[in-house]
Amino acid sequence: MEYGGIGLGYDPIRWCGESLRLIDQTRLPRKEVYLELRDYRAVARAIETLKIRGAPAIGIAGAYAVALAARKIKARSTAEFRRKLSRVFDRIAGTRPTARNLFFALERLKKAAVSGKDITTIRQALLEEALKIHGEEMEASRRIGELGSALFPQGAVILTHCNTGPLATGGYGTALGVIITAHRKGRDIRVIATETRPLLQGARLTTWELMKAGVPVSLVTDSMAGYLMKQGKIKCVIVGADRIAANGDTANKIGTYPLAVLARENRIPFYVAAPTSTFDFSLKSGDEIPIEERSPLEVTTLAGKPIAPPDIPALNPAFDITPHRYISAIITERGIITGPSARSVRSLLGKNPR
Ligand code: MRU
């Protein structure tokens, strides 16, 4: 499998043998800047500051960060190596709390570390597992695109929120992967991208990725969605997910829940596309999903410039929860869950999502 990039002319995340290469998503769309990171702390900072973001991409980057750290840990014994490695796991796990994919990846790497007998084999096992996770995520997003693309009728205008493309996944994308695949198969579709305040992932990244893919796209502010739906201008909504509880309740970028409610009110299908690494069966419902609170400065500024009175208090929950009853279907690489509920999720995915 060709790692990094799906032939759109950019390369979101790539393991380079001794370093991790990432496109700096905070500089897009104005500049295509690649970061070459050799230290796991730099990867942790890149995740916290959203240079790399999107649930599957965070998981992949977190996994490579551990592999990078393992190469540099100096230890006189395997026990000392494992102690130091455990601090690395804690640092990476502390970067962003909501995306399940990060914890999925770290759990996989912890298991890989246990299987190694000495420092050299542990280092090797960690890198192999990180590469494996990256490969699996690429393949999962390819399958999601294949399965989901049949859902869009010819001529559909599709609304999407935040960014869920190759940048967010290291592969084809989740919601955007479905859209890009449908377009590549010749389906006549157009996209409405919401800007996604406060950090404008839709305006900056989704429009950029769809233009690169040649998919017709128009940008709207988040507050325009209801008006457009009421006018009958939108045929369906598709979004990604950061964590999905056992009953199908879905955490995704703040502003997703109101879109789902609006879609229901206007009788428009509302789809979620996510790999099985996003499911968290340890949580019964969305009420248990941890929601990241980010700095109020992201709300009181726009592109680094203040837009509100100084010292105004602001709230900044980065995600919201869409109850499963608003979701028409969840598209995973293992199949489509129509009318998600604890029972339908379990019936497709069994006891373990992956
Ligand atoms: O804060 P972000 O930009 O990491 O949030 C990203 C999202 O909410 C995406 O919709 C989600 O990760 C699905 S990605 C494929």
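Residues numbered from 1 in each chain as written. Predicted model: local features only at pLDDT ≥ 70, side-chain atom pairs only at ≥ 80, totals over all residues. Heavy atoms only, no water.

**Side note on the sheet that holds strand β9 (residues 250-253)**
The strand order across the open sheet built from 4 strands is β11-β8-β9-β14, with neighbouring strands paired in mixed fashion. Either end of the sheet is taken by a strand with one partner, and the two such strands are β11 (279-280) and β14 (319-322). Sheet topology note: the strand β8 (residues 243-245)/β9 ladder contains 2 bridges and is antiparallel. Pairing of I244 across the sheet is with T250, part of β9. (Pairing = 2+ DSSP bridges. Helix = DSSP H or I, 4+ residues; strand = E, 2+ residues; numbered from the N terminus.)

**Regarding the state of the cysteines**
Applying the stated criterion across every chain, the model contains 0 disulfides. C236 carries a free sulfur, and the closest cysteine sulfur to it, the one in C162, is 18 Å from it. For C236, a relative accessible area of 1% translates into the label buried. (Disulfide = S-S within 2.5 Å. Buried < 20%, exposed > 50% of the residue type's maximum accessible area, 1.4 Å probe, protein only.)

**Focus: unusual backbone geometry**
The step from L28 to P29 runs through a cis peptide bond, and the omega angle for that step is 5°. Along the chain, P29 turns up in the loop between β2 (20-23) and β3 (34-37). Here the amide bond leading from R197 into P198 is cis, since omega sits at 10°, within 30 degrees of zero. Position of P198 among the secondary structure elements: in the loop between β5 (190-194) and α8 (201-213). Non-glycine residue R267 carries a positive phi angle of around 55°.

**Comments concerning the sheet that holds strand β10 (residues 270-273)**
Taken in spatial order, the 7 strands of this open sheet run β6-β5-β4-β7-β10-β15-β16, and their pairing is mixed. Either end of the sheet is taken by a strand with one partner, and the two such strands are β6 (217-220) and β16 (335-338). Ignoring strand direction, the axes of neighbouring strands in this sheet form an average angle of 25°. In this structure, strand β4 (residues 157-160) lies alongside β5, joined through 4 bridges in parallel fashion. Within β5, the residue paired with L159 across the bridge is I192. Packed onto the sheet, helix α5 (residues 119-148) meets β10, β15 (329-332) and β16 and runs at close to 135° relative to β15. (Axes fitted to C-alpha atoms, helices over the stretch in contact; angles between N-to-C directions. Contact = heavy atoms within 4.5 Å.)

**Observations regarding the site of the ligand**
Taken together, 18 residues surround the ligand, and among them R53, R96, D242, N252 and K253 come closest. In this structure, A55 approaches the ligand through a main-chain N or O atom, which is 2.9 Å from an oxygen atom. Within the side chain of Q201, an N or O atom sits 2.9 Å from an oxygen atom of the ligand. Burial of the ligand by the protein amounts to 100% of the accessible area it has alone, namely 410 Å². For the shell around the ligand, the secondary structure elements donating two or more residues are α2 (55-72), α6 (166-169) and β9. Of the residues contributing to the shell around the ligand, the split by class is 6 nonpolar, 8 polar and 4 charged. (Near = heavy atom within 4 Å. Polar contact = N/O pair within 3.5 Å; in protein donor to acceptor, adjacent residues only side chain to side chain. Areas by Shrake-Rupley, 256 points an atom, 1.4 Å probe, with all protein chains shown as cover. Nonpolar A, V, L, I, M, F, W, Y, C, P; charged D, E, K, R; others polar.)

**With respect to the domain arrangement of the protein**
If you check the domain split of the protein, you get domain 1 (13-142) and domain 2 (150-349). Averaged C-alpha coordinates put domain 1 and domain 2 at centres separated by 25 Å. Around 2,500 Å² of area is buried between domain 1 and domain 2 when both sides are counted, 55% of it from carbon and sulfur atoms. Contact with domain 2 buries area across many residues of domain 1, yet R53, T98 and R100 alone supply 25% of it, more than any other trio. Where domain 1 packs against domain 2, one counts 2 salt bridges. In this structure, E292 and R96 form a salt bridge, with 2.9 Å as the shortest nitrogen-oxygen distance. Summed over the shared surface of domain 1 and domain 2, the number is 17 residue pairs in polar contact (both at pLDDT 80 or more). Breaking the side of domain 1 that touches domain 2 down by element, the ones donating at least two residues are α2, α4 (100-115) and α5. At 6 residues, the largest contribution of residues to the side of domain 1 that touches domain 2 is made by α5. The residue inventory of the side of domain 1 that touches domain 2, partitioned by class, reads 15 nonpolar, 7 polar and 7 charged. (Domains from an automatic or database assignment. Buried area = accessible area lost by both parts, 1.4 Å probe. Salt bridge = Lys/Arg side-chain N within 4 Å of Asp/Glu carboxyl O.)

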